[in-house]
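Below, each chain spelled out in residue letters.
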Amino acid sequence: MAYIKPDVIINQEVRTASPVLAAPDQKAVIIGPAYHFVENSYAGENTGDQLQIPEWIPGIRLTEITVILRNALRPLVTVSNVTLYKGQDFYSDSNTDFISLGVQPGNVVRIGAFETTITSVEQNSIYFSDSIPADITGDLTVYQIVDHQLSEQEFNVDEANGKISISPNGVEGGEVYITYTAIRSDLANRIFEVNGTADVEILFGKIDRKNPLAYALAKAIAATTVKIYALPVKSDDPIGYGEALNFLKAVDAYFVVPLNDSPSVLSLFPSHVMEMSSPEVKKWRVAILPTEYGEETVLYEGTAESISNGVLYDAEARFLGEIDPNYSVYVKIGDAYYKVSKVITNQKLELTPYPMDAQNVSYQLVLRLESKFDFKYYYIQANEGYKGYNGRIVRVLPSYVEDDDGEYIPSYYAAAIVAAMASGQVPHRPLTGMAVPGIAATPQTNGTLFDEADLNELAEAGYFILTQDNISSAPYIRHQLTTDSTSDYTRELSAVRTMDFLSTVFEKALKPYIGRTNLTEEVIALVRDTVRATGELLKGYRLPLIGAPLLDYEIERVAKVTETSLAVDLKVRIPMPLNWIYLTLVV
């Protein structure tokens, strides 16, 4: 060491932590079925041998298959014990009327090993395109050339090996052509990163409405600048989605969107997002769910003691409380519907048309969706089970939208677009008023069914509504609402996202202390400094018009609460959307 004169040497050590701010991705994961399609593909000749199914992918599971024998032979006429001589090019039989039996030119004739086609037909004679090569005696059969679609009983599929065995009834020969759809269960319960439509087609096949996952991914990719993630399901039902959600527990994700609008599937998502957003798990999630399109909903089920002269009597009922005259309410008996024309008493209904008089009849009181009142009631009731959940459920309305080519598609495609849009925006940017790409119109919510007062009611019920100012304008987000109206912080999606973002950032900043340090005064001071430094970094990430994700904070407490635990109470102020401006003009 170089010499220095005797002195007091002072070193300054800055102990304040300076964490690197890890900006977490709020990834969008689209969950749904991918399908493999093969149309009218040649599998081979029908020789009785097992055939390989064309373009088969090991591990896929058939959902639909059609097998057709083209140019198969169906027996039309058989004449027993016929003798034909060498060089003969016709056959005549005064006892057989070939025309009335339907024999036509182009039919196939077979006798023994000789086979030829018919060139012309007379009442008792048929003429061949080939002459008889040698004398032949045997049964002569005329065959029609047909395309025969096999029933389920006429073929058997070996899915494990991708092969098919056929046993057609009433026909022989022919070329086997197969059309089938199979779910890509070989891809199930795996996460795929998708950057563009080329990735979609490579991974999941044709972008087509018949292939929901590929179609939704293409829509989502076009609506954002970030990567989208796909999670194929093994089956398009609650079991398949349940398995996918179980797998997703081990994956880093934020927005989750199911490509299914059945209540039995959608009901799986609230418990998933709440479990994953718990303090222990800390994988904060938001489910963006479609709204199921219903045709009717059951209001009440009972047994009528009697039906007489069009009046149903049920001593246990309380019809005055169940039926609103604004709604299209029917009594359903079996498959028949009878409209409620009048509520006579709590126990009696007048029906039209009159059902048959009967006693002890089981029935349902159903709301059929015929008017805007019916639809509004249905949607409000359908959202009851999704209210709350700390703002982690978003329900997209309308229940179907119009695609760019004018076709109606379910709202889960719109949900996928919304998730992609949100994933590509910083968490504290409000989505209200944003244009929604990839869809041309929002039937029901663009004034053709619901007016502004109706939309206000539906928004109050917790719907994230896509709308248009008129039928020719671009669709946009009416208000970025979740289903939880407890407070602005749970109602506004950007507020929920911002709190999740802050939670992730502070958790990552403090994680290095867990299990690697002891709970000393020095560490308590470092934790306090880390929280302060992280807060200052977040306050500095300001963007024009929306500010920073953290406007201000106050460390209220950093204190030891047990021998091994530390409590940090941090009061934060986050940016909230400007939703209303009250302008008063005074003259």
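Asks: Residues and numbers for the sheet that holds strand 25 (residues 408-410), please.
Replies: One open sheet holds the three strands; their spatial order is 25-24-26, and the pairing between them is antiparallel. With one partner strand each, in any of the chains shown, strand 25 and strand 26 (439-441) form the two edges of the open sheet. Between one strand axis and the next, the sheet turns through 60° on average, direction left out of account. Where strand 24 (residues 400-403) meets strand 25, three bridges bridge the pair, whose relative direction is antiparallel.

Asks: Break down the pattern of salt bridges for me, citing the residues and quoting the values.
Replies: Scanning the entire structure with this criterion turns up 28 salt bridges. The salt bridge involving Arg-209 is made with Asp-403; its shortest N-O contact spans 3.0 Å. Taken together, the residues Arg-209 in the loop between helix 1 (197-204) and helix 2 (212-222) and Asp-403 in strand 24 connect sequence positions 194 residues apart. Residue class for Arg-209 comes out partly exposed when judged on its relative accessible area of 32%. By relative accessible area, which is 4% here, Asp-403 ends up buried. Linking Asp-454 and Lys-376 is a salt bridge whose minimum nitrogen-to-oxygen distance equals 2.8 Å. Of the two residues, Asp-454 sits in helix 9 (residues 452-460) while Lys-376 sits in helix 7 (residues 372-382), which places them 78 residues apart along the sequence. Considered together, Asp-454 and Lys-376 belong to a single accessibility category, that of buried residues. A single network of salt bridges, built from pairs that share partners, joins Arg-209, Lys-219, Asp-403, Asp-404 and Asp-405.

Asks: Outline the sheet that holds strand 15 (residues 255-258), listing residues and values.
Replies: Read across the sheet, eight strands follow the order 13-14-1-15-16-23-27-28 without closing on themselves; strand pairing throughout is mixed. The sheet is open, and its two borders are formed by strand 13 (192-194) and strand 28 (476-477), each paired with just one other strand. Pairing of strand 15 with strand 16 (residues 286-289), which is carried by two bridges, proceeds in the parallel orientation. Paired with Phe-255 across the two strands is Val-286, which belongs to strand 16.

Asks: Account for the nonpolar core, naming residues and giving values.
Replies: One finds Ile-31, Phe-204 and Ile-288 to be the most contacted residues of the largest nonpolar core, which totals 68 residues. Per-element accounting of this core gives the leading share, eleven residues, to helix 8 (residues 411-423). Once residues lying within four places of it in the same chain are set aside, the contact partners of Ile-31 are Leu-231, Val-233, Tyr-241, Ala-244, Leu-245, Leu-248, Val-256, Val-257, Pro-258, Leu-259 and Phe-269. Of all hydrophobic cores here, the second largest spans 34 residues; its members include Val-361, Leu-367, Tyr-378 and Ile-465.

Asks: How would you sum up the packing of aromatic side chains? Please name residues and give values.
Replies: One pass over the structure, following the stated rule, counts 20 aromatic pairs. Plain terms: the ring middles of Tyr-91 and Phe-98 are 6.3 Å apart, the flat faces sit at 80° to each other, and that makes the pair edge-to-face. Seen in terms of ring centroids, Tyr-300 and Phe-319 are 6.2 Å apart; in terms of plane orientation they differ by 80°. Their pairing is edge-to-face. Placement of the pair is Tyr-300 in strand 17 (residues 296-308) and Phe-319 in helix 6 (residues 319-322), with a sequence separation of 19 residues. A connected cluster of aromatic rings, assembled from ring pairs, spans Tyr-293, Phe-375, Tyr-378, Tyr-379, Tyr-400, Tyr-408, Phe-450 and Tyr-463. In this structure, Arg-368 is placed above the aromatic ring of Tyr-337, and the distance from its NZ or CZ to the ring centre is 3.9 Å. One residue, Lys-372, lies across the ring of Phe-373, its end atom 5.8 Å from the ring centre.

Asks: Please set out the packing of helix 1 against helix 2 residue by residue, giving values where relevant.
Replies: Running from N to C, helix 1 and helix 2 point in directions that differ by 170°, and their axes come no closer than 9 Å. What the angle tells us is that helix 1 and helix 2 run roughly antiparallel. Of the two possible hands of crossing, helix 1 and helix 2 adopt the one that is right-handed. Of helix 2, the residues touching helix 1 (which contributes Thr-197, Val-200 and Phe-204) are Leu-213, Ala-214, Leu-217, Ala-218 and Ile-221. Grouping the constituent residues of the contact of helix 1 with helix 2 by class yields seven nonpolar, one polar and no charged.

Asks: Can you tell me about a nonpolar patch on the surface, naming the residues and giving the values?
Replies: The grouping of Leu-578, Ile-581, Leu-583 and Leu-585 at the surface amounts to a nonpolar patch, some 550 Å² of accessible area in total. With respect to the helices and strands, the residue Ile-581 is situated in the segment after strand 30 (565-573). Taking the relative accessible area as the measure of exposure, Ile-581 reaches 68% and is therefore exposed.

The rules behind the values
Residue positions are given per chain, counting from 1 as you read along its sequence in written order. In keeping with the predicted nature of the model, local features appear solely for residues at pLDDT of at least 70, side-chain atom pairs appear and are counted solely at 80 or more, and the whole-chain, interface and lining totals rest on all residues. Remark: hydrogens and water are excluded; side-chain values derive from all non-hydrogen atoms of the structure. We call two strands paired when DSSP finds no fewer than two bridges between them. A helix here means a DSSP run of H or I that spans at least four residues, while a strand means a run of E at least two residues long, and both kinds are numbered starting from the N terminus. Between the N-to-C directions of two axes lies an angle of 0 to 180 degrees, each axis being a line fitted to C-alpha atoms and, for a helix, fitted only over the stretch in contact. By convention in these notes, a salt bridge is any Lys or Arg side-chain nitrogen within 4 Å of a carboxyl oxygen on Asp or Glu. Three labels apply to residues, based on accessible area from a 1.4 Å probe with only protein chains included: buried if under 20% of the type maximum, exposed if over 50%, partly exposed otherwise in between. Take the buried residues of types Ala, Val, Leu, Ile, Met, Phe, Trp, Tyr and Cys, join any two whose side-chain atoms come within 4.5 Å, and each joined set is a nonpolar core. Contacts are assigned to residue pairs that have any heavy atoms within 4.5 Å of one another. The criterion for an aromatic pair is that two Phe, Tyr or Trp rings (for Trp, the six-membered ring) have centres within 6.5 Å, with stacked assigned to planes under 30 degrees apart, edge-to-face to planes over 60 apart and tilted to the rest. Over a ring means this: the NZ of a Lys or the CZ of an Arg is within 6 Å of the ring centre and within 35 degrees of the ring normal. Throughout, the term roughly parallel applies to angles under 35 degrees, roughly antiparallel to angles over 145, roughly perpendicular to angles from 65 to 115, and oblique to all others. Handedness of each helix crossing follows the sense of rotation of the near helix against the far helix: counterclockwise by less than a right angle gives left-handed, clockwise gives right-handed. The residue classification treats Ala, Val, Leu, Ile, Met, Phe, Trp, Tyr, Cys and Pro as nonpolar and Asp, Glu, Lys and Arg as charged. All others, Gly included, are polar. Here, patches come from residues exposed beyond 30% relative accessible area and free of salt bridges, joined within 9 Å for like charges and within 5 Å for nonpolar side chains (Val, Leu, Ile, Met, Phe, Trp, Tyr). For the accessible areas, the method is Shrake-Rupley and the probe is 1.4 Å, while residue cover comes only from the protein chains on display.

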